[in-house]
Amino acid sequence: MQSFINNQIKESYEIKRLILESTELTKLIKEVAEKTTVVYRNGKKTLLAGNGGSAADAQHIAGEFVSRFYFDRPGIPSVALTTDTSILTAIGNDYGYERLFARQIQAQGSEGDLFIGISTSGNSPNIISALKECREKGIITVGLTGASGGRMEEFCDYCIKVPSDETPRIQESHILIGHIICAVVEESIFGKGFN
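Residues numbered from 1 in each chain as written. Predicted model: local features only at pLDDT ≥ 70, side-chain atom pairs only at ≥ 80, totals over all residues. Heavy atoms only, no water.

Concerning the sheet that holds strand β3 (residues 114-118)
- Pairing is parallel across the open sheet formed by 5 strands, whose spatial order is β2-β1-β3-β4-β5. Strand pairing shows two members of the sheet lacking a second neighbour, β2 (78-80) and β5 (158-161), which therefore form its edges. The sheet shows a mean angle of 15 degrees between the axes of neighbouring strands, taken without regard to direction.
- Sheet topology note: the strand β1 (residues 46-50)/β2 ladder contains 3 bridges and is parallel. Bridging from a neighbouring strand, L47 pairs with V79 of β2.
- Strands in contact with helix α7 (residues 167-190) are β3, β4 (140-145) and β5; relative to β4, the strand with the most contacts, it is inclined by about 140 degrees. (Pairing = 2+ DSSP bridges. Helix = DSSP H or I, 4+ residues; strand = E, 2+ residues; numbered from the N terminus. Axes fitted to C-alpha atoms, helices over the stretch in contact; angles between N-to-C directions. Contact = heavy atoms within 4.5 Å.)

Now the structure itself:
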């Protein structure tokens, strides 16, 4: 059992090492963090969605924006589209699960907002439907996926592909990336910046 535990930690570390050593990935994370900062400076908001563990990640990241991350500062607007059971069940019942997030984007999204769609496979139909709705509304789109990017990649303005095909390793890296984006936004807007 100890060997199993050690291997789990090693596998997680290895994926993060690959991200760190990928200039392409770290530049893309920086670009998304800068774009998110611009969105907030323009008085807009972020919207996030995912399924299962990715739904929890969407809520986690939204919570960091609205509450605080490293230090106390004013809340900034972020909405996880995974939390309101009445809305979720109404849309699921009336329009089907595939429209779960697209319908909410139609109702609550505005041009210039930023949507973060999270899917380890990159193939979640309701995330793809949401990304298509974002295009219609002029909403900036970010995908957090696994190595392949899946079908989501073609519908994203930015697609951050974690170099793994294993769901737990991908999710662990998604929250790391989410934390980095939150930290950069917070420091850029309310801290001393990076200059």
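Describing the packing of helix α1 (residues 2-21) against helix α2 (residues 23-41)
- Relative orientation of the contacting elements α1 and α2 amounts to 80 degrees, with a least axis distance of 5 Å. What the angle tells us is that α1 and α2 run roughly perpendicular. Here I19, L20 and E21 of α1 lie close against α2, whose contacting residues are T23, L25, T26 and I29.
- Considering only residue class, the contact of α1 with α2 consists of 4 nonpolar, 2 polar and 1 charged. (Parallel < 35°, antiparallel > 145°, perpendicular 65-115°, else oblique. Nonpolar A, V, L, I, M, F, W, Y, C, P; charged D, E, K, R; others polar.)

Topic: the pattern of salt bridges
- Per the counting criterion, the structure on display carries 9 salt bridges.
- Between R17 and E14 there is a salt bridge, and its shortest N-O distance comes to 2.3 Å. In this pair, R17 and E14 are both assigned in helix α1, 3 residues apart and thus about one turn of the helix distant.
- We classify E14 as partly exposed; its relative accessible area is 31%.
- E21 serves as the salt-bridge partner of R17, at 2.6 Å between the closest nitrogen and oxygen. Placement of both R17 and E21 in helix α1 is noted, with a separation of 4 residues, approximately one turn of the helix.
- R17 gets classed as partly exposed once you look at its relative accessible area, which sits at 24%. (Salt bridge = Lys/Arg side-chain N within 4 Å of Asp/Glu carboxyl O. Buried < 20%, exposed > 50% of the residue type's maximum accessible area, 1.4 Å probe, protein only.)

Examining a nonpolar patch on the surface
- A contiguous nonpolar patch, built from M1, F4, I5 and I9 and spanning about 490 Å² of accessible area, is present on the exposed surface.
- Turning to its location among the elements, F4 is positioned in helix α1. (Patch = residues over 30% accessible without salt bridge, like charges linked within 9 Å, V, L, I, M, F, W, Y side chains within 5 Å. Areas by Shrake-Rupley, 256 points an atom, 1.4 Å probe, with all protein chains shown as cover.)

Things to note about helix α3 (residues 53-66)
- When the terminal C-alpha atoms of α3 are compared, their 20 Å separation across 14 residues agrees well with the 20 Å that a helix rising 1.5 Å per residue should span.
- The set of residues buried in α3 consists of S54, A55, D57, A58, I61, A62, E64 and F65.
- Of the surrounding secondary structure, the elements contacted by the buried residues of α3 are α2, β1, β2, β3 and α7. (Expected span 1.5 Å × (residues − 1).)

Section: the side chain of D113
- Relative to the elements of secondary structure, D113 occurs in the loop between α5 (102-108) and β3.
- Given the relative accessible area of 1%, D113 is considered buried.
- Among the polar contacts made by the side chain of D113, one reaches the side chain of K45 at a distance of 2.6 Å.
- Looking at D113, its side chain comes within polar contact range of the main-chain nitrogen of S110, at 2.8 Å.
- Among residues more than four places away in sequence, those in contact with D113 are V39, K44, K45, L47, Q108, I139 and I140. (Polar contact = N/O pair within 3.5 Å; in protein donor to acceptor, adjacent residues only side chain to side chain.)

Quick notes on the environment of V79
- With respect to the helices and strands, the residue V79 is situated in strand β2.
- The class for V79 is partly exposed, based on a relative accessible area of 25%.
- Sequence spacing of V79 and E136 is 57 residues, and the spatial spacing of their C-alpha atoms is 19 Å.
- Setting aside its immediate chain neighbours within four residues, V79 contacts T46, L47, L48, A62 and Q108.

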